[in-house]
Amino acid sequence: MKKIQDVSEDTKKNKSPSMIDVKDIKGEKEDLTEEAKVLYEQRDFLSNIAKPSFQSAADGRRRYDQEWLARNLFWRGFQFSRYLPQSQTVVLSSRQQARVPINYMASMMRAIRNQATSFRPKWEVLPAHPSKTESKTQARYSQRVLDYYFDILRLKTKIKETLTQGLLYSVGGPWEIYYDKIKKRVGVWLLDPFDFYVDPMAEDFQEAEYVIKAVRRPLTEVKTNPNFNPIARAEITGGENKIAASEYKQFMIQSVRNVTPKSTDYSSSLIVYQGDFRQREVETGKQYLVRCTWTESNLTPLLYEEIEETEFDYEMYRADLNPKEIYGESWAKHVMPINRTLNNLETSTFEYNYRFAKGRIVVDRDSGVRAISNVHGEIISKNRGSEVKSLDLSPLPVSVPNQIQRMWRYMEDISGVHEASLGRVPTGVRTGVGIAELKQSDATSQDDLVDNLEDFLSNVGKKLLKKIAKNYTSYELVRDLGVREGNEKYFAIIGEGFKKTDKNRMKGKENMIKIGPDWLDLVEIGSENHIRVTLGSWLGYTKESLQQKVMSYFQSGLIDQKTALRLLEFGDIDDIVQQTKVEGLLKRPSNQANPQQPDQMALAMTENEMLLEGKPVPPSELDDHLVHISVHQEALGQGFDDIVGEHINKHIILMGQEPPEMPATDVAQPTEPQGPSFPTGQAIPGVSEAPVGPPPGQQLPQQDMEASMLKNQQEAQGAVGGGGGISQGY
């Protein structure tokens, strides 16, 4: 029977597990109360599972830590650093034959990182039930939620940092996706690969039996954390001299940052370990996670939780594809030897120019040679009979520059970065399309980086939405600016645990919530989502190439005007399309028989002035209804929208169409009443060009433009021939 430390009978009866002290425990496990047994099991888990698991993972990764340190120092510019196995230390600089370090690796890594992250991730969330409108709406808003958190969590910078880690260490991150109970918001924490340990026997990150993070935290933070066990906090007597769990990271921090451990009570720190361990129920085999937090001084866990989850809150990026291995060899490992060779070759060239190119003079010993400089020049004097002559210089061997050129070619091919990606225009290439094609060829060698990054971000998006669904019990206002100007959206999100009440709700707006004076869409985020992330563009890798392709597609009719303007990154796209449409209508050839008829543009603008004064104006059958509708739409949103909308509806009726009905929608309506209008992206009846972009409203039916124009002209000619004139009211 396994013995444990003493617990008195009084302690068993009167103390909770958080109050049971180590010195109070005595006897056998069967003699303890349920509360004492819980504490015993937690200590047993820490000593027999958690700590041995960390030691096993640290031992299995020690080789990688040593290589990561060398690559990190080389990337930082310490290209002459070397590891001394006798003393197990690293010398940052020493007497080397190479004196000219050229950090090609850093410039190429920067080019790869910027090219791989040059496009903003495009999130696509597929609806759970494609036939249901509510499911489609939820998927559409979930995409906007991910765009919103991409901005406020600064994921763009984190992606660049993760890609840098991946090029150096073969893995990036991991990212910890968590819910902050204080801020009541999800967050993402980028960890250092040195501080994260994975089950060494796992062949895939998702199949690991445990993961452990080891981060440095202030001593006062740990000692005063109310969520930690008081017994465990009492076991911590002071800080540690360790800066990091990995000795190689500690050396790097002390050398590069000139940081030394502090031993004062107010400034000391210690390493806090937090591990997630997969456990299984004995009877059913159901998996669950045990989260255990501790320090090296603890016999009792600071925090012990059993979580009904099967997935870790971490996601690791793999930059290398080594089958059945979590850690790869990394991009930097293959580039560093070539960079070192180039350093030696460039040093040879430098030494030749610095020493030998100055010339050498041969003189006899005791020849009395001396140089005298005056206004007439330099005079060399010597003893009579002694010989002074210049030594003939042999040129630098041709093999040196040839070897440099070969090394450069090897470096470009192995790294996957050529002249175009580094910003140099290759000889013979003069167009943006040619440069784009060369960049595309480099991007092909980087497909592994981009493909793995897309999978990585897809999993991050799933875990973000799952955290929101599980923890958001109250609404959060989302202010998504969108990718470009004019794509803004305001709405509120809730999780699956949100309790719907009648407060801030009214009939007809069940899927909306009132925040201040505004009614906003209310979207419930589900826990199960299928997400696809796309990085890149089919339009090209340069501005010139993009512009050429967009104009070609627009002129051939493959895309409309609004899409072309959006791809060309214009602002105020709706206004541009609106003005273009009006000008196009006014430039149409006129077949009117009566030249005395008033200008339709001026007439419609005069009607706008009257309508905005609250005066109803009846339209005429002789009006050019397309021009009037386009001009009247500019009056919407300036007041008296009901009168303007009614006037537009009368034009629609005179065109032989039915006035649109206000559709039931979940989109939040403005506080002021809106009249009917043509929605952005919908065509005006009878016009096949790009749509006008007024505020959202009602949708109009389609009709043939030529037939409508012909009908209007025939009616106008008949009215003029019959002595008809402009109807009263004008």
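This write-up is about the structure you can find in this document. Just so we're clear, the structure is a prediction, and the values are computed from it rather than from any experiment.

1. A look at the overall build of the protein chain
Alright, step 1. Helix and strand counts for the protein chain come out as 20 helices and 22 strands.
Alright, step 2. Residues counted as buried form 43% of the 730 residues belonging to the protein chain.
Alright, step 3. Intrachain contacts of the protein chain at a sequence separation of at least 6 include 64% that bridge at least 24 residues.
Alright, step 4. Carbon and sulfur atoms provide 50% of the accessible area of the protein chain, an area that totals close to 40,100 Å².

2. Section: the sheet that holds strand β11 (residues 287–294)
Alright, step 1. Reading across the sheet, the 5 strands line up as β8-β9-β10-β11-β12 and stay open at both edges, with antiparallel pairing between neighbours. For this open sheet the edge positions go to β8 (196–198) and β12 (303–307), each flanked by a neighbour on one side alone. Geometrically, the sheet is characterised by an average inter-axis angle of 15° between neighbouring strands, direction not taken into account.
Alright, step 2. Where strand β10 (residues 269–280) and β11 come together, 8 bridges link them in antiparallel fashion. Along β11, the bridge assignment pairs Arg 280 with Gln 287.
Alright, step 3. Here helix α2 (residues 34–60) sits on the sheet and contacts β8, β9 (210–218), β10, β11 and β12; the angle it forms with β11, its principal contact strand, is near 85°.

3. Quick look at the packing of helix α3 (residues 62–76) against helix α6 (residues 155–169)
Alright, step 1. Contact geometry for α3 and α6: axes closest at 9 Å, N-to-C directions at 120°. Classified by the angle their axes make, α3 and α6 are oblique. For the pair α3 and α6, contact is made by Trp 68, Arg 71, Asn 72 and Trp 75 and by Thr 164, Leu 168 and Tyr 169, respectively.
Alright, step 2. Among the residues making up the contact of α3 with α6, the classes are represented as 4 nonpolar, 2 polar and 1 charged.

4. Description of the sheet that holds strand β13 (residues 314–318)
Backbone hydrogen bonds hold the strands of a sheet together, and the pairing may be parallel or antiparallel.
Alright, step 1. Reading across the sheet, the 3 strands line up as β7-β6-β13 and stay open at both edges, with antiparallel pairing between neighbours. Edge positions in the sheet fall to β7 (185–190) and β13, since each of these pairs with one other strand and no more. With strand direction ignored, the average angle separating the axes of adjacent strands in the sheet is 20°.
Alright, step 2. Contacts from α6 reach β6 (171–180), β7 and β13, with the element oriented near 145° to β6.
Alright, step 3. Where helix α13 (residues 447–471) meets the sheet, it contacts β6, β7 and β13, and its direction lies at approximately 170° from that of β13.

5. Quick look at the packing of aromatic side chains
Alright, step 1. The final tally for this structure, using the stated rule, is 21 aromatic pairs.
Alright, step 2. With a centroid separation of 5.8 Å and an interplanar angle of 65°, the aromatic rings of Tyr 317 and Phe 456 are classed as edge-to-face. Placement of Tyr 317 in strand β13 and of Phe 456 in helix α13 is noted, with a sequence separation of 139 residues between them.
Alright, step 3. What makes Phe 456 buried here is its relative accessible area of 2%.
Alright, step 4. When the ring centre of Tyr 197 is taken as reference, the NZ or CZ atom of Arg 61 above it lies at 4.2 Å.
Alright, step 5. The ring of Phe 312 carries the charged tip of Arg 278 above its face, separated from the ring centre by 4.5 Å.

6. A closer look at the nonpolar core
Alright, step 1. Counting 87 residues, the largest nonpolar core has Met 105, Tyr 149, Trp 175, Val 198, Trp 331, Ile 468 and Ile 493 as its most contacted members.
Alright, step 2. For Met 105, the residues in contact, after removing those within four places along its chain, are Arg 71, Phe 74, Trp 75, Leu 168, Trp 331, Ala 332, Val 335, Met 336 and Asn 339.
Alright, step 3. Core analysis: the second largest hydrophobic core is formed by 18 residues, Phe 45, Leu 46, Phe 54 and Tyr 273 among them.

7. Here's the deal with a nonpolar patch on the surface
Alright, step 1. There is a patch of nonpolar side chains on the surface, built from Ile 361, Val 363, Val 369, Ile 380 and Val 388 and spanning about 400 Å² of accessible area.
Alright, step 2. Tracing the sequence through the fold places Ile 380 in strand β16 (residues 377–381).

8. Considering a negative patch on the surface
Alright, step 1. Judged by side-chain charge, Glu 134, Glu 311, Glu 496, Glu 524 and Glu 528 come together as a negatively charged surface patch.
Alright, step 2. Mapped onto the elements, Glu 528 comes out in the loop between β21 (518–524) and β22 (530–534).

9. Some thoughts on the pairing of β9
Look at any regular strand and the pattern is simple: side chains alternate between the two faces of the sheet.
Alright, step 1. As paired strands, β8 and β9 are joined by 3 bridges and run antiparallel to one another. Paired with Phe 196 across the strands is Lys 213, a residue of β9.
Alright, step 2. Judged from the 9 bridges that link them, β9 and β10 form a sheet pairing that is antiparallel. Looking at the pairing, Tyr 210 lines up with Phe 277 of β10.

10. Observations regarding the environment of Ile 49
Alright, step 1. Among the secondary structure elements, Ile 49 is positioned in helix α2.
Alright, step 2. Spatially, the C-alpha atom of Ile 49 lies 8.9 Å from that of Phe 277, the residues being 228 residues apart in sequence.
Alright, step 3. Those residues in contact with Ile 49 that lie beyond four places of it in its chain are Asp 44 and Phe 277.

11. Structural notes on the environment of Ile 515
Alright, step 1. When you line up the elements, Ile 515 lands in strand β20 (residues 512–515).
Alright, step 2. Here the alpha-carbon distance between Ile 515 and Phe 491, two residues 24 residues apart in the chain, equals 9.7 Å.
Alright, step 3. Every residue in contact with Ile 515, bar those within four places of it in the chain, is listed here: Tyr 475, Leu 477, Ala 492 and Leu 520.

12. Side note on helix α5 (residues 133–152)
Alright, step 1. Its 20 residues give α5 an end-to-end C-alpha distance of 29 Å, which sits within 8% of 28 Å, the value for a rise of 1.5 Å per residue.
Alright, step 2. Ser 135, Thr 137, Ala 139, Tyr 141, Ser 142, Arg 144, Val 145, Leu 146, Asp 147, Tyr 148, Tyr 149 and Phe 150 are the residues of α5 that are buried.
Alright, step 3. Of the residues one or two after α5, Arg 154 is the one with positive phi, at around 55°.

Rules used in this analysis
Residues numbered from 1 in each chain as written. Predicted model: local features only at pLDDT ≥ 70, side-chain atom pairs only at ≥ 80, totals over all residues. Heavy atoms only, no water. Helix = DSSP H or I, 4+ residues; strand = E, 2+ residues; numbered from the N terminus. Buried < 20%, exposed > 50% of the residue type's maximum accessible area, 1.4 Å probe, protein only. Contact = heavy atoms within 4.5 Å. Areas by Shrake-Rupley, 256 points an atom, 1.4 Å probe, with all protein chains shown as cover. Pairing = 2+ DSSP bridges. Axes fitted to C-alpha atoms, helices over the stretch in contact; angles between N-to-C directions. Parallel < 35°, antiparallel > 145°, perpendicular 65-115°, else oblique. Nonpolar A, V, L, I, M, F, W, Y, C, P; charged D, E, K, R; others polar. Phe/Tyr/Trp six-rings, centres within 6.5 Å; stacked < 30°, edge-to-face > 60°. Lys NZ or Arg CZ within 6 Å of the ring centre and 35° of its normal. Core = buried A, V, L, I, M, F, W, Y, C linked by side-chain atoms within 4.5 Å. Patch = residues over 30% accessible without salt bridge, like charges linked within 9 Å, V, L, I, M, F, W, Y side chains within 5 Å. Salt bridge = Lys/Arg side-chain N within 4 Å of Asp/Glu carboxyl O. Lys, Arg positive; Asp, Glu negative; His and termini not counted. Charge placed at Lys NZ, Arg CZ, Asp CG, Glu CD. Expected span 1.5 Å × (residues − 1).

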